[in-house]
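Close look at the chain arrangement
One-letter residues, chain by chain:
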Amino acid sequence: MDTKNIILELRTKTGLSQEELAEKVLVTRQAVSRWENGETTPNTETLKLLSKVFDVSINTLLGSPRKLICQCCGMPLDDSSISKDPDGTFNEEYCKWCYTDGKYIYKSIEELTDFLVEHMSNESWTPEQARAFFEAQLPQLNHWNKQKK
């Protein structure tokens with residue numbers, strides 16, 4: 001779905017007029033109209049405000065052009081699982097189980113691996129297979145790459 005349709009759908013779903021939405025994101029009613037007609041797209045700062053007003057990620061506002069995954073555990077992300085920063089804005093880098101209230105939950109890659117192996121292994125995926133998978137995949141994620149440097 002295009003940004004214009006997403007903004008229109010979210011605005012009508014929340015019962016806001018163009019004027020009311022404009023006031024909330026500090027633009028004119030005409031700007032909202034231009035977004036909904038596809039003439040323009042909100043700038044980055046306005047997308048952040050729209051994200052807060054509608055409680056959806058910027059990625060969702062833009063029509064989900066990127067496949068988001070948690071850069072700590074590798075889980076696919078959507079608006080229900082994306083973490084939020086302490087100010088309430090979406091943090092599209094992490095899931096809410098790895099990053100909460102401005103803090104990282106797992107102190108080491110080993111701690112996360114142990115947790116994942118315990119909760120993800122089953123009769124068709126042994127703990128050894130799960131451990132080998134996570135030990136190969138997790139170091140490739142940004143969170144663990146940053147900590148190496």
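One can find the structure itself at the top, above this paragraph.
What this report covers is the structure whose coordinates are included nearby.

So, about unusual backbone geometry. Backbone geometry follows two general trends: most residues other than glycine have a negative phi, and most peptide bonds adopt the trans configuration. Although it is not a glycine, leucine 26 sits at a positive phi angle of roughly 60°. Even without being glycine, aspartate 55 reaches a positive phi, approximately 55°. Residue aspartate 55 is classed as partly exposed on the basis of its relative accessible area, which comes to 44%.

Among the six residues in strand β2 (residues 90–95), five count as buried, and that is most of the element. Note that strand β1 (residues 82–84) and β2 share three bridges and pair antiparallel. What sits directly across from lysine 84, in β2, is phenylalanine 90.

Let us look at the nonpolar core. Residues Cys70, Cys72, Cys98, Leu112, Leu138 and Trp144 are the most contacted members of the largest nonpolar core, which totals 20 residues. Those elements that provide at least two residues to this core are β2, α6 (109–120) and α7 (127–137). Setting aside residues up to four positions removed in sequence, leucine 112 forms contacts with Cys72, Cys73, Tyr106, Leu138 and Trp144. Judged by nonpolar contacts, the second largest core, of 15 residues, contains Ile7, Leu10, Leu21 and Val56.

Here we come to the pattern of salt bridges. Counted by the stated rule, this structure contains six salt bridges. Ionic pairing is found between glutamate 92 and arginine 66, a salt bridge with its closest N-O pair at 2.6 Å. Highlighted residues: glutamate 92 in strand β2 and arginine 66 in the loop between α5 (58–61) and β1, separated in sequence by 26 residues. Between aspartate 114 and arginine 131 there is a salt bridge, with its nearest N and O atoms 3.1 Å apart.

The subject of this paragraph is the side chain of serine 57. With respect to the element layout, serine 57 can be found in the loop between α4 (44–54) and α5. Separated by 3.1 Å, the side chain of serine 57 and the backbone nitrogen of threonine 60 make a polar contact. When sequence neighbours within four positions are dropped, the list of residues in contact with serine 57 reads Ser51, Asp79, Ile82, Phe90 and Glu92.

This part covers the packing of α6 against α7. Two elements in contact, α6 and α7, have axes whose closest approach is 9 Å; the angle formed by their N-to-C orientations is 140°. Put simply, α6 runs oblique to α7. Of the two possible hands of crossing, α6 and α7 adopt the one that is right-handed. Listed contacts from α7 to Thr113, Asp114, Leu116, Val117 and Met120 of α6 are Pro127, Ala130, Arg131, Phe134 and Glu135.

What follows covers the side chain of serine 81. By the secondary structure assignment, serine 81 is in the loop between α5 and β1. Ignoring anything within four residues of it in the chain, the contact list for serine 81 reads Met75, Pro76, Tyr94, Cys95, Lys96 and Trp97.

Definitions and cut-offs
- Residues numbered from 1 in each chain as written.
- Predicted model: local features only at pLDDT ≥ 70, side-chain atom pairs only at ≥ 80, totals over all residues.
- Heavy atoms only, no water.
- Buried < 20%, exposed > 50% of the residue type's maximum accessible area, 1.4 Å probe, protein only.
- Helix = DSSP H or I, 4+ residues; strand = E, 2+ residues; numbered from the N terminus.
- Pairing = 2+ DSSP bridges.
- Core = buried A, V, L, I, M, F, W, Y, C linked by side-chain atoms within 4.5 Å.
- Contact = heavy atoms within 4.5 Å.
- Salt bridge = Lys/Arg side-chain N within 4 Å of Asp/Glu carboxyl O.
- Polar contact = N/O pair within 3.5 Å; in protein donor to acceptor, adjacent residues only side chain to side chain.
- Axes fitted to C-alpha atoms, helices over the stretch in contact; angles between N-to-C directions.
- Parallel < 35°, antiparallel > 145°, perpendicular 65-115°, else oblique.
- Left-handed = near helix turned anticlockwise from the far one by under 90°.

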